[in-house]
Amino acid sequence: MTTIPVIDFSKLDGEERAHTLAQISKGCEEWGFFQLVNHGIPVELLERVKKVSAECFKVEREEAFKNSKPVKLLNELVKTKKSGKVENVDWEDVFLLTDDNEWPSKTPQFKETMKEYRSELKQLAERVMEVIDVNLGLSKGYIKKVFNEGENNGAFFGTKVSHYPPCPHPEKVNGLRAHTDAGGVILLFQDDQVDGLQILKDGEWIDVLPVPYAIVINTGDQIEVLSNGKYKSVWHRVLSKPDGNRRSIASFYNPSLKATIAPAPELLVDDQKDIKKNEMELTTTYPTFVFGEYMNVYNEQKFLPKEPRFQAVGTV
Ligand code: OGA
Ligand code: NI
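First things first, this report covers the structure right here in the doc. (Residues numbered from 1 in each chain as written. Chains lettered and ligands numbered in written order. Predicted model: local features only at pLDDT ≥ 70, side-chain atom pairs only at ≥ 80, totals over all residues. Heavy atoms only, no water.)

What follows deals with the overall build of the chain. Per the secondary structure count, the chain includes 9 helices and 13 strands. Seen along its three principal axes, the alpha-carbon backbone of the chain occupies a region of about 70 × 45 × 45 Å. In the chain, the proportion of contacts linking residues at least 24 apart, taken out of those at least 6 apart, comes to 81%. In the structure as shown, the chain presents an accessible area of about 15600 Å², 50% of it carried by carbon and sulfur atoms. Of note, the chain has its 41 positive side-chain charges centred 4 Å away from the centre of its 48 negative side-chain charges. (Helix = DSSP H or I, 4+ residues; strand = E, 2+ residues; numbered from the N terminus. Contact = heavy atoms within 4.5 Å. Areas by Shrake-Rupley, 256 points an atom, 1.4 Å probe, with all protein chains shown as cover. Lys, Arg positive; Asp, Glu negative; His and termini not counted. Charge placed at Lys NZ, Arg CZ, Asp CG, Glu CD.)

Structure representation (structure tokens):
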């Protein structure tokens, strides 16, 4: 069976450092997705996160979901006995958490717990970014610096608490339609009972199987650009399921909207060609752009192929 790599992050600082770096490198280059275990986030905190997330959905959203757009559109489709799928909608409920948005949930302990969780996850994201720096041969801290450019500490760190309620006709609607992620590094704490996340690898959809307490890491479009295409952002989707309410908590470490994104200059040299240093050719198919402009394009085209997004965004 094909599964994405599961990597013991605690081995990064010991005798198996080289091996662990190589596993992560392979995860980024060949898969675009991997799971970290022993990542240092306390299990006790993850348990609290599970509890408050389930409660806030139950208390604040479950009832309203029954009258939501995806439910109405699915009911209509079933009533008219039309074949095909419900388009342009996801069978998903979302709470979005950022540092400065108004807090979207009043469930007791939700805010405290999620603040603590986000602070841990942000640190984990920065450690993963440093590993990517090293693996790409960039100076340690390079990606963080690029993402924070233009604003002191301006990188965007968001957390999306999602629930995918049970769906009576899972073949007729997606939990979340296929896409690549816009930003930098994404860290996902997914349900350990209900699966549904799949990635596209070599033309086939592969399940990202739940591993208890693991954090699933994937890289977005900005890492693809920065790595000059070495680490491709990978298509993924969530299937809706007939049984169980799937929880997934995705945290995004993205550039500041003002940051300029471009392939790292060190990675522009085409080392396939044995050319003398002064004749080195600079090769890239990626533009240089301001991340906020990329997001404007992405917000219109999230569920479409990514290449036209790179073409549509203005070169600076
Ligand atoms: C996303 C995403 C996956 C999931 O929010 O971009 O891919 O399992 N989520 O919810
Ligand atoms: Ni995604």
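Our focus in this paragraph is the nonpolar core. One finds M114, Y117 and F147 to be the most contacted residues of the largest nonpolar core, which totals 60 residues. If one sorts the elements of this core by residue count, helix 5 (residues 110–136) sits on top with 11 residues. If you look at the next biggest cluster of nonpolar residues, it comprises 16 residues, including W31, F33, I206 and V238. (Core = buried A, V, L, I, M, F, W, Y, C linked by side-chain atoms within 4.5 Å. Buried < 20%, exposed > 50% of the residue type's maximum accessible area, 1.4 Å probe, protein only.)

A word on the site of ligand 1. Around ligand 1, a shell composed of K160, Y164, L176, H179, D181, L188, L197, H236, V238, R246 and S248 is seen. Take H179: an N or O atom from its side chain is 3.0 Å from an oxygen atom of ligand 1. A distance of 2.9 Å separates an oxygen atom of ligand 1 from a polar side-chain atom of R246. Notes on ligand 1: free accessible area 290 Å², of which the protein chains cover 97%. (Near = heavy atom within 4 Å. Polar contact = N/O pair within 3.5 Å; in protein donor to acceptor, adjacent residues only side chain to side chain.)

Let us now look at the coordination of the nickel ion (ligand 2). Four donors placed tetrahedrally around a metal ideally meet at 109.5 degrees, and six donors placed octahedrally ideally meet at 90 or 180 degrees. For the nickel ion (ligand 2), the protein coordination sphere consists of H179 (NE2), D181 (OD) and H236 (NE2), at 2.1 Å. Positions of the donor residues of the nickel ion (ligand 2), expressed as sequence spacing, correspond to H-x1-D-x54-H. In this pair, H179 is assigned in strand 5 (residues 174–179) and H236 in strand 10 (residues 236–239), connecting sequence segments 57 residues apart. Per residue, the accessibility class of H179 equals that of H236, and both read buried. (Donors = N, O, S within 2.8 Å, 3.2 Å for Na, K, Ca; no water.)

What follows covers the packing of helix 1 (residues 17–31) against helix 5. The geometry of helix 1 relative to helix 5 is characterised by a closest axis approach of 10 Å and an angle of 90 degrees between their N-to-C directions. Viewed along their axes, helix 1 and helix 5 adopt a mutual orientation that is roughly perpendicular. Between helix 1, through L21, I24, S25 and C28, and helix 5, the contact on the second element is made entirely by V131, I132, V134 and N135. Its residues placed into classes, the contact of helix 1 with helix 5 shows 6 nonpolar, 2 polar and no charged. (Axes fitted to C-alpha atoms, helices over the stretch in contact; angles between N-to-C directions. Parallel < 35°, antiparallel > 145°, perpendicular 65-115°, else oblique. Nonpolar A, V, L, I, M, F, W, Y, C, P; charged D, E, K, R; others polar.)

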